[in-house]
Amino acid sequence: MTASTDRQPWMVSQQDFPSHLPVAAQLRYLLQYAILAPSSKNTQPWHFSVAGDTIGLFADLTRWHPIADCGRRELYISLGCALENLLVASEQFGFGHSVNYFPRQRNEELVATVVLHPGGSPCACRSGISLATMIDRRTQHGRYRQTSIDEAIRRRLLACSRILGVRIDLTEDRSIRRRVMELNLHADEMEFASPEFRLELGHWLGEGGNGSPRLLARLAGRLVARFDVGRVVGKINAAKLARGPLVGLISSRVDDRVSQLKAGQALERLWLHATRFELGLQPMSQALEVPSLRLELAQVIPGGGWVPQQVFRLGYPVHATGGHTSRRPLSQVLLD
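Read on for an overview of the structure. These numbers come from a predicted model, not from an experiment.

## Considering the pattern of salt bridges
Right, on to step 1. On inspection of all chains with the given rule, the structure shows 15 salt bridges.
Right, on to step 2. With a closest N to O distance of 3.3 Å, R257 and E108 form a salt bridge. Of the two residues, R257 is situated in helix α9 (residues 257-276) and E108 in the loop between β3 (95-101) and β4 (110-118); the sequence distance between them amounts to 149 residues.
Right, on to step 3. Given the relative accessible area of 33%, E108 is considered partly exposed.
Right, on to step 4. Among the ionic contacts, a cluster of salt bridges with common partners joins K41, R73, E74 and E289.

Listed below in structure tokens is the structure:
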């Protein structure tokens, strides 16, 4: 796949919706928006099926990183992001929907089934999100301004997760920010000190997992696999957390697969609302990849009894990211 074709999925157009074709063709069209969802390390760990009025969302375990994501938390959060994009798109085209999480007992590959029917409208939690918002959404890696975020916008972002049963915290508390920075720095150092972690990440980068040109991807993969750059990477990430106006944390009461999926939905829903308000967002969950540090991060959450699922920084970017990361075309993720 070339650099031009692997970004072709971002060219999806609302005008191309096949309203004159059978419902199966319309549901396949909706999936063109689902595949634009963010995912950990751009793994895009999803497959989809279409049968009648039902879409199935499946985990593609061949794209799971067992060293960095030993508990598959990031895998299922990524799948939750894809599910949220699907629901946004379905509402935009007038479909109502019902979601059944993990419909087959003890089967963790069939993540959800979504039954769609005519006559739906956007729910209040997604009000204001458009199809264009999904295309505009990007990960903003650069510097953020110190400009504070209006209280009305913050309330809107916090409210979007209520019906999911997960918790969102947006804080400018310096002690919380400092503790998150310390834990993430420690996590970067611990992970890059592991040859197995570097080999896994290096292989993924070398195969073009982040969408870089082939030669650059191979070079990056070899460098990461051979050298422990944890301290350098950790300091860069710590500096990013230090500069953004808000640190965000998504948490759940229990740490099960449904909670991880819903955390992914909450992340993408908040991200899309943030995009509407020209805010930048970058996930920064290194501490969650190390079980012992994840336990320490849980102590940061006010009130106690919450399980951290996702950390991110939020603010107005100094220079907005222009390009998109690569996406697998629908033909590669649609099951027969």
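## With respect to helix α4 (residues 151-159)
Right, on to step 1. Residues of α4 that are buried include every one of I153, R154 and L157, and no others. For α4, the arc enclosing every buried residue in end-on projection is 100°, short of the 170-degree limit, so these residues lie on one face.
Right, on to step 2. Packed against the buried residues of α4 are β5 (167-171), β6 (246-252), α9 and β8 (307-315).
Right, on to step 3. Capping the start of α4, D150 holds a side-chain oxygen 2.9 Å from the backbone nitrogen of A152, two or three residues further along.

## A short note on the packing of helix α2 (residues 73-92) against α9
If you want to describe how two helices pack, look at the angle between their axes and the distance between the axes.
Right, on to step 1. Orientation of α2 relative to α9, taken along the N-to-C sense of each, is 55°, at an axis distance of 7 Å. Classified by the angle between their axes, α2 and α9 sit oblique to one another. Here α2 and α9 pass one another in a crossing that is right-handed. Along its contact with α2, which presents R73, Y76, I77, L79, G80, C81, L83, E84, N85, L87 and V88, the element α9 presents R257, Q260, L261, A263, G264, Q265, L267, E268, R269 and L272.
Right, on to step 2. Looking at the contact of α2 with α9, its residues break down into eleven nonpolar, five polar and five charged.

## Some thoughts on the nonpolar core
Right, on to step 1. Among the nonpolar cores identified, the biggest contains 64 residues, and L30, Y33, W46, F48, L79, V111 and L314 are the most heavily contacted of them.
Right, on to step 2. Considering every element that reaches this core, the biggest residue donor is α2, with eleven residues.
Right, on to step 3. With near-sequence residues (within four places) excluded, L79 lies in contact with P45, W46, L57, F58, A59, V111 and L261.
Right, on to step 4. Counting residues in hydrophobic clusters, the runner-up holds 17 residues, among them L249, A287, L288 and W306.

## Structural notes on the sheet that holds β5
In a beta sheet, neighbouring strands are held together by backbone hydrogen bonds and run either parallel or antiparallel to one another.
Right, on to step 1. Reading across the sheet, the four strands line up as β5-β6-β8-β7 and stay open at both edges, with antiparallel pairing between neighbours. Single-partner strands in this sheet number two, and they are β5 and β7 (280-283). For this sheet, the mean inter-axis angle between neighbouring strands, taken without regard to orientation, is 25°.
Right, on to step 2. Of the strands in this sheet, β6 and β8 touch helix α10 (residues 291-298), which is tilted by about 75° from β8.

## Points about unusual backbone geometry
Right, on to step 1. One non-glycine residue, R106, lies in positive phi territory at about 65°.
Right, on to step 2. Following the sequence through the fold, R106 ends up in the loop between β3 and β4.
Right, on to step 3. Even without a glycine there, the phi angle at E278 is positive, about 65°.
Right, on to step 4. The residue E278 is located in the loop between α9 and β7 in this model.

## Structural notes on the environment of S252
Right, on to step 1. Here S252 lies in strand β6.
Right, on to step 2. A relative accessible area of 2% places S252 in the buried class.
Right, on to step 3. Discounting residues that sit within four places of it in the chain, S252 has contacts with V166, S259, W306, V307 and Q309.
Right, on to step 4. Separated by 2.6 Å, the side chain of S252 and the backbone oxygen of V254 make a polar contact.

## Points about the environment of F58
Right, on to step 1. Looking at the element boundaries, F58 is found in strand β2 (residues 54-59).
Right, on to step 2. A relative accessible area of 18% places F58 in the buried class.
Right, on to step 3. A sequence separation of 86 residues divides F58 from Y144, and the C-alpha atoms of the two residues are 35 Å apart.
Right, on to step 4. Non-local contacts of F58, meaning those with residues more than four positions away in its chain, are made with P45, W46, H47, S49, L79, E109, L110, V111 and L335.

## What to know about helix α5 (residues 174-192)
It helps to recall that an α-helix has 3.6 residues per turn; residues three or four apart then point in one direction.
Right, on to step 1. In a regular helix each residue adds 1.5 Å, so 19 residues correspond to 27 Å; α5 covers 27 Å between its end C-alpha atoms and thus fits that length.
Right, on to step 2. Among all positions in α5, only I176, R177, V180, L183, N184, L185, A187, D188, E191 and F192 are buried.

## Some points on the pairing of β4
Right, on to step 1. Examined bridge by bridge, β2 and β4 share five bridges and lie antiparallel to one another. Each residue of the ladder has a partner; that of L57, found in β4, is A112.
Right, on to step 2. The sheet contact formed by β3 and β4 spans seven bridges and is antiparallel. If you follow F95 over to β4, its bridge partner there is P118.

Analysis parameters
- Along each chain, residue indices are assigned from 1 in the same order as the chain's sequence is written.
- In view of the model being predicted, local features appear only for residues whose pLDDT reaches at least 70, and side-chain atom pairs are presented and counted only at 80 or more, with totals across whole chains, interfaces and linings using the full set of residues.
- To obtain the side-chain values, all non-hydrogen atoms of the structure were used and water was disregarded.
- One side-chain nitrogen of Lys or Arg within 4 Å of one carboxyl oxygen of Asp or Glu is enough to make a salt bridge.
- Helix and strand assignments come from DSSP, with helices taken as H or I runs of at least 4 residues and strands as E runs of at least 2, each series counted from the N terminus.
- When a residue's accessible area, from a 1.4 Å probe over protein chains only, is under 20% of the maximum for its type it is buried; when over 50% it is exposed; and in between it is partly exposed.
- Our arc is simply the arc of the directions from the helix axis toward the C-beta atoms.
- Note on definitions: a residue-residue contact is assigned when non-hydrogen atoms from the two residues lie within 4.5 Å.
- Think of a polar contact as two N or O atoms within 3.5 Å of one another; within protein, one of them needs to be a possible hydrogen donor and the other a possible acceptor, and neighboring residues in sequence only count if both atoms come from side chains.
- The convention used is that axes are lines fitted to C-alpha atoms, helices contributing only their stretch in contact, and that angles between N-to-C directions extend from 0 to 180 degrees.
- Small angles under 35 degrees read as roughly parallel and large ones over 145 as roughly antiparallel, with 65 to 115 read as roughly perpendicular and the rest as oblique.
- What makes a crossing left-handed is the near helix being turned counterclockwise from the far one by less than a right angle; a clockwise turn instead makes it right-handed.
- Residue polarity is assigned by list, with Asp, Glu, Lys and Arg as charged and Ala, Val, Leu, Ile, Met, Phe, Trp, Tyr, Cys and Pro as nonpolar; anything else, Gly included, falls into the polar class.
- Here, nonpolar core means buried Ala, Val, Leu, Ile, Met, Phe, Trp, Tyr and Cys residues that are tied together by side-chain atoms lying within 4.5 Å of each other.
- Should DSSP find at least two bridges between two strands, the strands are regarded as paired.
- For a helix, the expected span equals 1.5 Å multiplied by the number of residues minus one.

The values reported here are purely geometric and, on their own, carry no functional implication.
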